[in-house]
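# Structural description and commentary
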Amino acid sequence: MKTTFTKLAVAGLMASTMIGGAAAEETIKVGVLHSLSGTMAISETTLKDAMLMLIEEQNKKGGLLGKQLEAVVVDPASDWPLFAEKARELIEVNDVDAVFGAWTSVSRKSVLPVFEELNSLLFYPVQYEGEESQRNVFYTGAAPNQQAIPAVDYLMNEEGVERWVLAGTDYVYPRTTNKILEAYLKAKGVAEEDILINYTPFGHSDWQTIVSDIKSFGSAGKKTAVVSTINGDANVPFYKELGNAGIKAEDIPVVAFSVGEEELAGLDAEPLVGHLAAWNYFQSADTDINAEFIEAWHAFIGDEARVTNDPMEAHFIGFNMWVEAVEKAGTTDADAVIDAIVGVSVPNLTGGYSTMMPNHHITKPVLIGEIQGDGQFETVWETSGLVVGDAWSDFLDGSKDLIADWRAPLSCGNFNTATGKCGGS
Amino acid sequence: MSLVRTFILLFGLIAGFSVNIAIAQTDPESLRPLVNELAKGKYAETEKQIGALVATGDPAVAPALEALGAGVLFYRKSDGSVFITEKAGKTYKLTDPLTLEAKGEAGKREVKKIKVNNKLRRVIRAALGSLTLMAPDPEVRKTAAEAVFKARDPDSIEALDIALASETDESVQLIMEQARAAAVLNSDMDEAQKINAIETLSEMGNRDALSLLINVQSSSEGVVRDAATIAVEKIEKSIAAWDSAQNIWYGLSLGSVLLLAAIGLAITFGVMGVINMAHGEMVMIGAYTTFVVQELIRTSAPGLFEYSLFIALPLAFLASGLVGIAIERGVIRWLYGRPLETLLATWGISLILQQAVRSIFGPTNREVGNPDWMSGAFELGQMTITYNRMWIIVFAMLVFAGLMLVLKKTSFGLNTRAVTQNRRMAASMGIRTPWVDALTFGLGSGIAGIAGVALSQIDNVSPNLGQGYIIDSFMVVVFGGVGNLWGTLVGAMTLGVVNKFLEPYAGAVLGKIFVLVFIILFIQKRPRGLFALKGRAVEA
């Protein structure tokens, strides 16, 4: 009787926070730390739903270590300091064993000290600027070498691009990524005057000047492309302006790192056909496991029109890695899981296996997709094998010599191979 | 999709036409193996196959190529035959790519799309250009000539010469000559020819020509190089002059957006003195009204889509206006004379409205489509003017004029002005001041709502829409002078133009900071803004 009751209680109260108190000892708790209000709700709400779906599916399979999983959802409201408070609440008050969450780099940076201090686990699902490796954090999104560098290679080799506009929103991810790209392009022999770097504020909505700058930069007789690290909301007016100004993908292609299926759902994609995005997953991936995932997602969310995207796949991979590591370790204890998870390999949605590396980044394929009229992407190029996420870029002076390896005996996130010491440059 | 179909039919006509005027015409069936070949292999092979199709020189292959470029050319998995498709619900309607006869339907899994990428689209564009230079419709010939211009293929010179000899339309002729010049510069023809070509391009004078000439400049020697250098300098000079005009245009456009966002606030804050932090959310409600109207039109009357904005305008005005009146009656009227409480209360309301919209419509962006007359751009000299920006400027001016008219010429406007100038005397004269307050606030909110309809055309429709405009709106109203609509107009335009002139030099981020600093300094000097109200009303 007792177990039936527990199951019912868990099933019924899955998304609620603390009401399942009676069943508390019987469940393993998983924290979901995504903004459900404020500016980032637009991207993060979907990830919260994806996590609830993954946990529900795992429970259908019999849970973990013989126990049911219970999601604890909190809302950090797109407020960076609140992320740290909510993370602390999840770990200390709700006693969760792992947390899946954060989107922007600044929110990740704000929760890092909390996870370190309380020795818990964070799975971070979004592509980011690299230059970081922390013992308690697992980076399931792409590092720059898993997204930005292959995208630039593609444009250079397949499209013959010689002139580059690096356009981004003014914050840490675009600035670091563009720094890496600039160093990379120069190493490839691109001249200073063939690179134009441009930053805009968050939520920039008047793109007339920048689009016309791109147009005139592109009329210097060389093939030009735009590498866009423009974030979230600002993309819609940017692409609208591009479309209206008649900049076609055949002439000046734009490759974006923050535009996925979800972002395209907010605009008419017809004028954007052919513009590119680099990700590790597209909803259009033609594999059985992806078809299953999409079907489960539609059933869970109750809407056939909802799309899937790359950070959702990252959560899918991260969650399965955590499940496997817990089973391997036989406990949810953070230290045991950190030791057990390195080397764990789980299927990704593009038909391969992703492995957790010692630097707490994972292996992924890199796909370049072209936007289609229906708001989906069509893969036009992909890396031949999996790419290992590189925490420390090989193209920046300060981080060239650093490596991260969290296995004993090294156990260091920023080991300097030049000086032989742990502790950065 | 229907556009593509029209194109295909068009090309079908062309194909049919050329049968009659009979150039080297082959039996369509002999082309079929070549067309079916497209279904095989990767991009590199597809490129070769396109080349083979073009080499036949037969315009009958144009529809297949056009469909390939548009991504509607599929092949049947069972027999590998190629069809032009049109999506019809869950199935695809098949059309024969050569005879253009309907060939029934096929399920999603029976057919597969032939993949194209940007490179292939470029190849197809160029190929279609050379195939359709002799088309009967001058518009098609024009597009063809433009495509040939971009391709700059020396092999097309011959085709261009033939086309030019029979061309009657002057504008098409001009583009063909330019296309020929572009191809000549890419060929190994003699210097005299090339210098002629440079002159043609120099007269063309736009960025495309500049791009080409810079290329010539760096890749040639002697006289040709000198001629190119002179031409480049000449074009750059003229473009620089046009750039200032373009900047002013951008400034006016940004100014009109600011004006739209601020003009409702100019009434609620400027005239009534209510610090309404929920003003941005009124704009958002207007934008969501547009979304709802378009959704309804899409599902029930797709033919009305071109008019969706006109239908949305009054509804957005009503929706935002009613919410505004409800806020005034429910909250603000208890707080008159207490600006700090008003500020906090309306800030709270703005959060409630945002989260309400997030719960109803979801947190993601909603797609508000641009009607055809709001899309695209036209060239004015060397300036590119996009239709949506142009109409928004016109619309902002109309709203401004309309509002002026209401305030100056109607009895409601008279009452409003009377109440704001001297509330007690107005009340003594029998004006029901609470109702005037509510309606004035409703008017300000309603105007914000119709601004939302316009902004939905250029910005995201998301719950955060309003937040992006609230600071700018206050800035405009304070800068222009509280209580003066003309001040709002001049303030918005000034800030727009200043911003756009700073942006190319300082960048968007710094530019915005400079504008803020400028306003702070300006307010220090003239605390009442550009157009200060004078007289006793100010002191009350």
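Residues numbered from 1 in each chain as written. Chains lettered and ligands numbered in written order. Predicted model: local features only at pLDDT ≥ 70, side-chain atom pairs only at ≥ 80, totals over all residues.

## Let's talk about the overall build of chain B
Basically, it comes down to this: Counting from the N terminus, the helices are the DSSP runs of H or I reaching at least four residues and the strands are the DSSP runs of E reaching at least two. Here the globule rule is a power law, 2.2 Å times the number of residues to the power 0.38, and the radius of gyration is based on C-alpha atoms. Field definition: a residue is buried when 20 or more other C-beta atoms are found within 10 Å of its C-beta, exposed when 12 or fewer are, and partly exposed for counts in between, with C-beta atoms placed from the backbone. Placing a C-beta atom from the backbone of each residue, one calls two residues in contact when those atoms lie within 7 Å.
Tallying secondary structure elements over chain B gives 21 helices and 7 strands in all. Radius of gyration (C-alpha) of chain B: 30 Å, far over the 24 Å computed for a compact globule of 540 residues. Taken along the three principal axes of its C-alpha coordinates, chain B extends 90 × 60 × 35 Å. In chain B, buried positions account for 48% of the 540 residues. If you take every contact in chain B between residues at least 6 apart in sequence, the share linking residues at least 24 apart comes to 69%.

## A look at the overall build of chain A
Counting secondary structure elements, chain A contains 12 helices and 19 strands. Taken against the 2.2 N^0.38 rule, which gives 22 Å for 425 residues, the C-alpha radius of gyration of chain A at 22 Å falls within 12% of a compact globule. Seen through its principal axes, chain A has C-alpha atoms that stretch 75 × 55 × 40 Å. Across the 425 residues that make up chain A, the buried fraction comes to 56%.

## Observations regarding the interface of chain A and chain B
This is how it is decided: Gly is placed with the polar residues, together with every amino acid not listed as nonpolar (Ala, Val, Leu, Ile, Met, Phe, Trp, Tyr, Cys and Pro) or charged (Asp, Glu, Lys and Arg).
Between chain A and chain B, the contact holds 46 residues from the first and 47 residues from the second. Elements supplying a minimum of two residues to the side of chain A that touches chain B: helix 2 (41-60), strand 7 (195-200), helix 7 (208-217), helix 8 (235-244) and strand 15 (377-382) of chain A. Here the residues of the side of chain A that touches chain B are counted per class, giving 14 nonpolar, 20 polar and 12 charged.

## Some details on unusual backbone geometry
Residue and element names in this part refer to chain A. Backbone torsion omega between A408 and P409 reads 5°, so that peptide bond is classified as cis. Inspection of the secondary structure puts P409 in the loop between strand 17 (402-405) and strand 18 (412-416). One non-glycine residue, S78, lies in positive phi territory at about 55°. By the C-beta count within 10 Å, which is 22 here, S78 ends up buried. Positive phi, close to 45°, is recorded for N119, a residue that is not glycine. Tracing the chain through its elements places N119 in the loop between helix 4 (105-118) and strand 4 (122-124). Here N119 falls in the partly exposed class, since 13 other C-beta atoms lie within 10 Å of it.

## So, the nonpolar core
Rules: Think of a nonpolar core as buried Ala, Val, Leu, Ile, Met, Phe, Trp, Tyr and Cys residues, each tied to the set through C-beta atoms within 7 Å. All the domain ranges listed were derived from an automatic or database domain assignment.
Residues V30(A), A87(A), V99(A), V152(A), V227(A), V255(A) and A278(A) are the most contacted members of the largest nonpolar core, which totals 127 residues. In terms of residues, this core owes the most to one element, helix 11 (residues 310-329) of chain A, which gives 10 residues. Counting contributing residues per domain, this core is built from domain 1 (2-142 + 288-361) and domain 2 (145-285 + 368-388) of chain A, each supplying no fewer than three. When neighbours within four sequence positions are excluded, V255(A) is seen to be in contact with A151(A), L155(A), A225(A), V227(A), S228(A), L276(A), A277(A) and A278(A). In terms of nonpolar packing, the next biggest core, distinct from the first, is built from 75 residues, I275(B), A287(B), L313(B) and V478(B) among them.

## Thoughts on the sheet that holds strand 2 (residues 82-88) of chain B
Residue and element names in this part refer to chain B. What counts here: Any two strands between which DSSP finds at least two bridges are classified as paired. Here, axes are lines fitted to C-alpha atoms. For helices the fit covers the stretch in contact, and angles between N-to-C directions go from 0 to 180 degrees.
The strand order across the open sheet built from 5 strands is 4-3-2-1-5, with neighbouring strands paired in antiparallel fashion. If you trace the sheet from one side to the other, it starts and ends with strand 4 (102-107) and strand 5 (111-113), each paired once. Each neighbouring strand pair of the sheet contributes to a mean axis angle of 45°, computed without reference to strand direction. Sheet analysis places strand 1 (residues 73-76) next to strand 5, joined by 3 bridges and oriented antiparallel. In the sheet register, F74 faces strand 5, and the bridge partner there is K113.

## Structural notes on the domain arrangement of chain A
Residues and elements named next belong to chain A. Split into domains, chain A comes out as domain 1 (2-142 + 288-361) and domain 2 (145-285 + 368-388). Between domain 1 and domain 2, the C-alpha centre-to-centre distance is 30 Å. On the domain 2 side, the residues contacting the 21 residues of domain 1 number 20 residues. Looking at the side of domain 1 that touches domain 2, the elements that each hand over two or more residues are helix 2, helix 4, helix 10 (288-301) and helix 11. With 3 residues, the single largest contributor to the side of domain 1 that touches domain 2 is helix 2.

## Notes on the packing of helix 3 (residues 80-93) of chain A against helix 4 of chain A
The relative placement of two packed helices comes down to the angle between their axes together with the axis-to-axis distance. Residues and elements named next belong to chain A. Selection criterion: Put simply, angles under 35 degrees are roughly parallel, angles over 145 are roughly antiparallel, angles from 65 to 115 are roughly perpendicular, and the rest are oblique. In a left-handed crossing the near helix is turned counterclockwise from the far helix by less than a right angle, and in a right-handed crossing that turn is clockwise.
Contact geometry for helix 3 and helix 4: axes closest at 8 Å, N-to-C directions at 30°. Relative to helix 4, the element helix 3 is oriented roughly parallel. For the crossing formed where helix 3 meets helix 4, the hand is right-handed. Here W80, P81, F83, A84, A87, R88, I91 and E92 of helix 3 lie close against helix 4, whose contacting residues are V106, S107, S110, V111, V114, F115 and L118. Here the residues of the contact of helix 3 with helix 4 are counted per class, giving 11 nonpolar, 2 polar and 2 charged.

## Overview of the environment of E263(A)
Mapped onto the elements, E263(A) comes out in helix 9 (residues 261-264). Between the alpha carbons of E263(A) and N235(A) there is a distance of 7.9 Å; along the sequence they are 28 residues apart.

## Some remarks on the pairing of strand 15 of chain A
Residues and elements named next belong to chain A. Direction of pairing for strand 14 (residues 367-371) relative to strand 15: antiparallel, over a ladder of 5 bridges. Bridging across to strand 15, I368 finds its partner in W381. The antiparallel pairing of strand 14 with strand 15 creates a hairpin that spans 5 residues between the two strands, and G375 there sits at a positive phi of about 85°.

## A word on the pairing of strand 1 of chain B
Residue and element names in this part refer to chain B. Bridging between strand 1 and strand 2 involves 3 bridges; their strand directions are antiparallel. By the bridge assignment for strand 2, L73 is matched with I84. Counted along the chain from strand 1 to the antiparallel partner strand 2, the turn is 5 residues long, and its residue G80 has a positive phi close to 70°.

## What about helix 14 (residues 339-361) of chain B?
Definition in use: The span you would expect from a helix comes to 1.5 Å times its residue count less one.
For helix 14 of chain B, with 23 residues, the first-to-last C-alpha span of 32 Å sits near the 33 Å given by 1.5 Å per residue. Turning to helix 14 of chain B, its buried residues number three or more, namely T342(B), A345(B), T346(B), I349(B), S350(B), L353(B), Q354(B), V357(B) and R358(B). Turning to helix 14 of chain B, the residues buried within the fold contact helix 2 of chain A together with helix 12 (279-300) and helix 13 (308-330) of chain B. Just downstream of helix 14 of chain B, G362(B) is the residue with a positive phi angle, here 85°.

## Concerning the sheet that holds strand 2 (residues 68-74) of chain A
All names here are of chain A. Strand order in the open sheet formed by 5 strands is 2-1-3-4-5, with parallel pairing between adjacent strands. If you trace the sheet from one side to the other, it starts and ends with strand 2 and strand 5 (137-139), each paired once. With direction set aside, neighbouring strand axes in the sheet form an average angle of 25°. Relative to strand 3 (residues 98-101), strand 1 (residues 27-33) is paired through 4 bridges, and the arrangement is parallel. When the sheet's bridge partners are listed, V32 is paired in strand 3 with F100.

## So, the packing of helix 11 (residues 222-271) of chain B against helix 18 (residues 433-455) of chain B
All names here are of chain B. Relative orientation of the contacting elements helix 11 and helix 18 amounts to 170°, with a least axis distance of 8 Å. Taken together, the axes of helix 11 and helix 18 are roughly antiparallel relative to one another. Within the contact between the two elements, helix 11 uses V257, L260, A261, I263, G264, L265, I267, T268 and V271 and helix 18 uses T440, F441, L443, G444, S445, I447, A448, A451, A454 and L455. Tallied by class, the residues present in the contact of helix 11 with helix 18 amount to 14 nonpolar, 5 polar and no charged.

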